[in-house]
Amino acid sequence: SPFTCTQVGRRTAYVINKCPEDWADVKTKRLCENSEITDPLFAAPVTSTRSNTTYSNWHCAACNKDILSDSTQIWLLDFACLCPNFFADSLIDSETAVNNLLYNSMTRRWYYKSSSVTKNTDCECYLEFTPPTEINHKVRNCDDSIIRTCAPTWIDKHVQKQCESYTDLMCTAEDFYRNYHCMKC
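These lines cover the structure that appears in this document, whether it is placed above or below.

How each quantity is defined
Residues numbered from 1 in each chain as written. Predicted model: local features only at pLDDT ≥ 70, side-chain atom pairs only at ≥ 80, totals over all residues. Heavy atoms only, no water. Helix = DSSP H or I, 4+ residues; strand = E, 2+ residues; numbered from the N terminus. Buried < 20%, exposed > 50% of the residue type's maximum accessible area, 1.4 Å probe, protein only. Contact = heavy atoms within 4.5 Å. Areas by Shrake-Rupley, 256 points an atom, 1.4 Å probe, with all protein chains shown as cover. Phe/Tyr/Trp six-rings, centres within 6.5 Å; stacked < 30°, edge-to-face > 60°. Lys NZ or Arg CZ within 6 Å of the ring centre and 35° of its normal. Disulfide = S-S within 2.5 Å. 1 Å grid on protein atoms, 1.4 Å probe; cavity = no way out; pocket = protein on both sides within 12 Å on 5 of 7 lines; lining within 4 Å. Points joined across faces, edges and corners; volume = space filled by probe spheres on them. Nonpolar A, V, L, I, M, F, W, Y, C, P; charged D, E, K, R; others polar. Polar contact = N/O pair within 3.5 Å; in protein donor to acceptor, adjacent residues only side chain to side chain. Pairing = 2+ DSSP bridges. Axes fitted to C-alpha atoms, helices over the stretch in contact; angles between N-to-C directions.

### Concerning the overall build of the chain
At step 1: Helix and strand counts for the chain stand at 6 helices and 11 strands.
At step 2: When each of the 185 residues of the chain is scored for burial, the buried share is 31%.
At step 3: Restricting the contact set of the chain to residue pairs at least 6 apart, pairs at least 24 apart contribute 55%.
At step 4: If you sum the accessible surface of the chain, you get close to 11900 Å²; carbon and sulfur atoms cover 53% of it.

### What to know about the packing of aromatic side chains
At step 1: Applying the stated criterion across every chain yields a total of 0 aromatic pairs.
At step 2: Here Arg140 stacks its cationic end above the ring of Phe3, 4.9 Å away from the centre of that ring.

### Examining the state of the cysteines
At step 1: Summed over all chains, the structure comprises 5 disulfides.
At step 2: One disulfide in the model links Cys150 with Cys185; its S-S distance is 1.9 Å. Its S-S torsion of about -85 degrees marks the bond between Cys150 and Cys185 as left-handed, since a negative value means left-handed. Of this pair, Cys150 sits in the loop between strand S9 (123–130) and helix H5 (157–163) while Cys185 sits in the segment after helix H6 (180–184), placing them 35 residues apart in sequence.
At step 3: Classification of Cys150 by relative accessible area gives buried; the value is 11%.
At step 4: Two residues share a disulfide in this structure: Cys163 and Cys182, whose sulfurs sit 2.0 Å from each other. For the disulfide bridge between Cys163 and Cys182, the dihedral angle about the S-S bond is near 95 degrees, and by the sign convention the bridge is right-handed. Residue Cys163 is located in helix H5, and its partner Cys182 is located in helix H6; the two are separated by 19 residues in the primary sequence.

### Considerations on the layout of surface pockets
At step 1: Taken as a whole, the second largest pocket encloses approximately 220 Å³ of empty space.
At step 2: Along the walls of the second largest pocket sit Ser1, Pro2, Phe3, Thr4, Cys5, Tyr14, Arg140, Arg148, Thr149, Glu164, Thr167 and Arg178, which together make up its complete lining.
At step 3: Looking at the lining of the second largest pocket, the element that brings in the most residues is strand S1 (residues 3–8), giving 3 residues.
At step 4: Of the residues in the lining of the second largest pocket, the class split is 4 nonpolar, 4 polar and 4 charged.

### Looking at the side chain of Asn57
At step 1: Summarising the element assignment, Asn57 is placed in the loop between strand S4 (53–55) and helix H2 (58–63).
At step 2: For Asn57, the side chain forms a polar contact with the main-chain nitrogen of Cys60, separated by 3.0 Å.

### Let's talk about the side chain of Asn179
At step 1: Of note, Asn179 is situated in the loop between strand S11 (176–177) and H6.
At step 2: Classification of Asn179 as buried rests on a relative accessible area of 0%.
At step 3: Only 3.4 Å separates the side chain of Asn179 from the backbone oxygen of Gln162, close enough to count as a polar contact.
At step 4: Side-chain polar atoms of Asn179 contact the backbone oxygen of Cys163, separated by 3.0 Å.
At step 5: If near-sequence neighbours (up to four positions away) are discounted, Asn179 is found in contact with Gln162, Cys163, Tyr166, Asp168 and Met170.

### Let's talk about the sheet that holds strand S6 (residues 76–82)
At step 1: If you walk across this open sheet you meet the 4 strands as S6-S9-S8-S7, and the pairing is antiparallel. Taken across any chain shown, the strands that pair with only one partner, and hence form the sheet edges, are S6 and strand S7 (101–104). Averaged over all pairs of adjacent strands, the angle between their axes in this sheet comes to 35 degrees, without regard to strand direction.

### Considering unusual backbone geometry
At step 1: With a phi angle near 55 degrees, Asn52 is a residue other than glycine that sits in the positive phi range.
At step 2: Residue placement: Asn52 occurs in the loop between strand S3 (46–48) and S4.
At step 3: Using a relative accessible area of 38% as the deciding quantity, one classes Asn52 as partly exposed.
At step 4: Positioned with a positive phi, Lys65 is a non-glycine residue whose angle comes to about 55 degrees.
At step 5: Mapped onto the elements, Lys65 comes out in the loop between H2 and strand S5 (72–74).

Have a look at this one:
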């Protein structure tokens, strides 16, 4: 299956996060498959209402040829900052906020810098993506604690392929498995 159970915002969902093997554009492939995108705004998931498929980002939808302006929805971005010395009566307008946001690619975090509001203390900011309400039902939720692949040392490729090809949940006293073949390997 091309889908991967991935943490997206506060939920886990099945997404496609790879380009097809025969995709030739190396830059798009790298941007699709690289979780280390330096600008998280380019990492927003997208959902195609035409195919009911969610992609980890725009680049993955593009290389899977499933990006159309009338049927591809970019997920919404929620933005919250923790400011230790922020005063409630010091409201910040959107333009000021945008002009004072900085992204640290080393820590992979956003910061809000403004000495007038925070008394020289940086605010640490967090981004969280959520699907628009009208497509929320099209996003396929999953449970990332389910074992979906064979152990790395497993050598029977037929069983491995079966493990990754269908879902029919199985459980033991300790674990949940995607199917009988995943339990076997």
